[in-house]
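Here's the letter readout for the chains.
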Amino acid sequence: MRRSFWIDTLPARDPHAPLDGALDADLCIVGGGYTGLWAAAYAKSLDPDRDIVLLEATRCGTGASGRNGGFLQSSLTHGIGNGLSRFPDEIEQLERLGLENFRALAGDLERLAIDAEFEPTGDLIVALEPRELADLEEEAELLRRFGHDAELLDREQVRAEVNSPMYLGGLWTRTGSALVHAGKLGDGLRAAAAGDGVRIHEYSPVRALRRTAAGVSVVTDGGVVDARRVLLATSAYPPLLRAIGRYIAPVYDYVLATEPLGERMREAIGWAGRQGISDIGNQFHYYRLTADWRIVWGGYDAVYRYGGPVGPQLDDHEPTFATLSQHFFATFPQLEGLRFSHRWGGAIDTCSRFSVFFGTALGGRVAYALGYTGLGVGASRFGARVALDLLDGRESEATALTIVRRRPVPFPPEPLRTGVIQLTRNRLAAADRNDGRRGIWLRTLDRMGLGFDS
Ligand SMILES: Cc1cc2nc3c(=O)[nH]c(=O)nc-3n(C[C@H](O)[C@H](O)[C@H](O)COP(=O)(O)OP(=O)(O)OC[C@H]3O[C@@H](n4cnc5c(N)ncnc54)[C@H](O)[C@@H]3O)c2cc1C
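All figures in this text were calculated on a predicted structure; none of them were measured in a lab.

Cut-off values and rules
- Residues numbered from 1 in each chain as written.
- Predicted model: local features only at pLDDT ≥ 70, side-chain atom pairs only at ≥ 80, totals over all residues.
- Heavy atoms only, no water.
- Helix = DSSP H or I, 4+ residues; strand = E, 2+ residues; numbered from the N terminus.
- Buried < 20%, exposed > 50% of the residue type's maximum accessible area, 1.4 Å probe, protein only.
- Lys, Arg positive; Asp, Glu negative; His and termini not counted.
- Salt bridge = Lys/Arg side-chain N within 4 Å of Asp/Glu carboxyl O.
- Polar contact = N/O pair within 3.5 Å; in protein donor to acceptor, adjacent residues only side chain to side chain.
- Axes fitted to C-alpha atoms, helices over the stretch in contact; angles between N-to-C directions.
- Left-handed = near helix turned anticlockwise from the far one by under 90°.
- Contact = heavy atoms within 4.5 Å.
- Nonpolar A, V, L, I, M, F, W, Y, C, P; charged D, E, K, R; others polar.
- Pairing = 2+ DSSP bridges.
- Phe/Tyr/Trp six-rings, centres within 6.5 Å; stacked < 30°, edge-to-face > 60°.
- Lys NZ or Arg CZ within 6 Å of the ring centre and 35° of its normal.

## Quick word on the side chain of Asp279
At step 1: Note that Asp279 resides in strand E13 (residues 276–279).
At step 2: Despite being buried, Asp279 has no salt bridge partner; Arg131 is the closest side chain of opposite charge, sitting 10 Å away.
At step 3: Within the structure, Asp279 has its side chain in polar contact with the backbone nitrogen of His285 (distance 2.8 Å).

In structure tokens, the structure reads:
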């Protein structure tokens, strides 16, 4: 397994012991990423005496939650544009709930004393092609309509922020967007859960769920948890309920991190505002600085493999690392000679509407939240809370929304699934090469509310 920069720079911690034997619990959470850990924090905040067991297949926070770019965004819908097209009647509410979640998350970091290197830098979207300048204007208008502070930058202004000869324009959004150290966020939530009395068992992959008279038996190799309620937070990993597999396609995203930039390179690049950056094409890169002035650079290729396997053997993908490296030096030629200290990959829980979905199973004893499709650092806190509300039968503003009540259109089964996804990826790349024009296949998917993204 390739270790991400974030995991590699965490202080060493002893693992929690694997489950060994039989336990009873009021609530069993499966999966110790952000979703599972936020669910534990929320459950304890509602009722400190609630008896909670969390089972994690490996180490908490080493799935997508330990491998992402650390872009913390308020959007719950993978951007306002996507939210507007899929939930036109609810987008005002979703945007407001997203901003509330974003602010509350920042507040929780303080309250729980989690130093996740939170930096409210805002983010910069850059145009690399002349036609993309109009896309930036459209995006700026949309963001402002929903109350965001979004400033368009021309070629000189954007290059004054960050010096790349590729940039033709930019859009700097200063609200609802920050950066975090992905690993420290997970590590802090793990420590907070243990401190709250959540019984965490790591290296305890759950093999099966069995309905019982009073609840659900959660079975691992070494034991069983008899729980009244179960919350599944297993993201892109093989699902424990067959129904989930129809909606999720695990898509691998790959990332590089450089060695720290020396003073000369820092001067050559600027970037004093330290914004998170992405380009606006369909196949996009995302990149940002770390506290010690490395550049974390990921995205572009989104790799789906037949059958949707997930595992450590897929953390390496030389062809994508080579593409990322080539694009990195095209963007920042003045950094020639800089080396990459880390390279890694991670699985994204892609669904056809690009935003979290929910469900319950086994007579309401089990609930789940997944499908963030590459934008879950902030949304996972919202997803965790909604899933727990569904499990406990608590009504809230969110539980009444279509995003919670309706699931995405399922992907077709294999082998059709691979065919459809590869064709869509191929057409998205063609649109990038072809002045952004969406051909008949993409327009058909648009009309059906279907898509593929990361
Ligand atoms: C490379 C990459 C870059 C990304 N960049 C960003 C970004 O910049 N901004 C953003 O908002 N989002 C980003 N994301 C998405 C974001 O990381 C996720 O949406 C978020 O971490 C999801 O958290 P989670 O807890 O639902 O999933 P995970 O962190 O994947 O956690 C799921 C956990 O469940 C465990 N598990 C699975 N099955 C079992 C089982 N049977 N028994 C026990 N445990 C099990 C796994 O081991 C894992 O720890 C990125 C994702 C990737 C992969």
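After that view, the rundown keeps rolling.
## Focus: the packing of helix H2 (residues 34–46) against helix H7 (residues 182–195)
At step 1: Put simply, H2 and H7 touch, their axes get as near as 9 Å, and they point 35° apart. As for how H2 packs across H7, the hand of that crossing is left-handed. Contact with H2, carried on its side by Tyr34, Leu37, Trp38 and Ala40, involves Ala182, Leu185, Gly186, Leu189, Arg190 and Ala193 of H7 and no other residues of that element.
At step 2: The residue inventory of the contact of H2 with H7, partitioned by class, reads eight nonpolar, one polar and one charged.

## Points about the sheet that holds strand E12 (residues 249–258)
At step 1: A sheet is described by the order of its strands in space; here eight strands give the open sequence E5-E6-E4-E13-E14-E15-E12-E16, paired in mixed fashion. The strands lining the two open edges of the sheet, one partner per strand, are strand E5 (150–153) and strand E16 (340–350). Strand-to-strand twist of the sheet, defined as the mean angle between neighbouring strand axes without regard to direction, takes the value 20°.
At step 2: Both strand E4 (residues 123–127) and E13 contribute to a ladder of four bridges, which runs parallel. Bridging across to E13, Asp123 finds its partner in Gly276.

## Quick word on the packing of aromatic side chains
At step 1: Per the stated rule, a full pass over the model turns up 16 aromatic pairs.
At step 2: Their ring planes at 90° and their centres at 5.7 Å tell us that Tyr254 and Phe321 sit as a pair that is edge-to-face. On the criterion of sequence distance, the pair formed by Tyr254 in strand E12 and Phe321 in helix H10 (residues 318–331) is long-range, its members being 67 residues apart. As far as the burial class goes, Tyr254 and Phe321 line up, both buried.
At step 3: Among the aromatic residues, those joined into a cluster by ring pairs are Trp271, Tyr287, Trp297, Phe328, Phe329, Phe332 and Phe340.
At step 4: Taking the ring centre of Trp293 as reference, the NZ or CZ of Arg274 above it sits at 5.0 Å.

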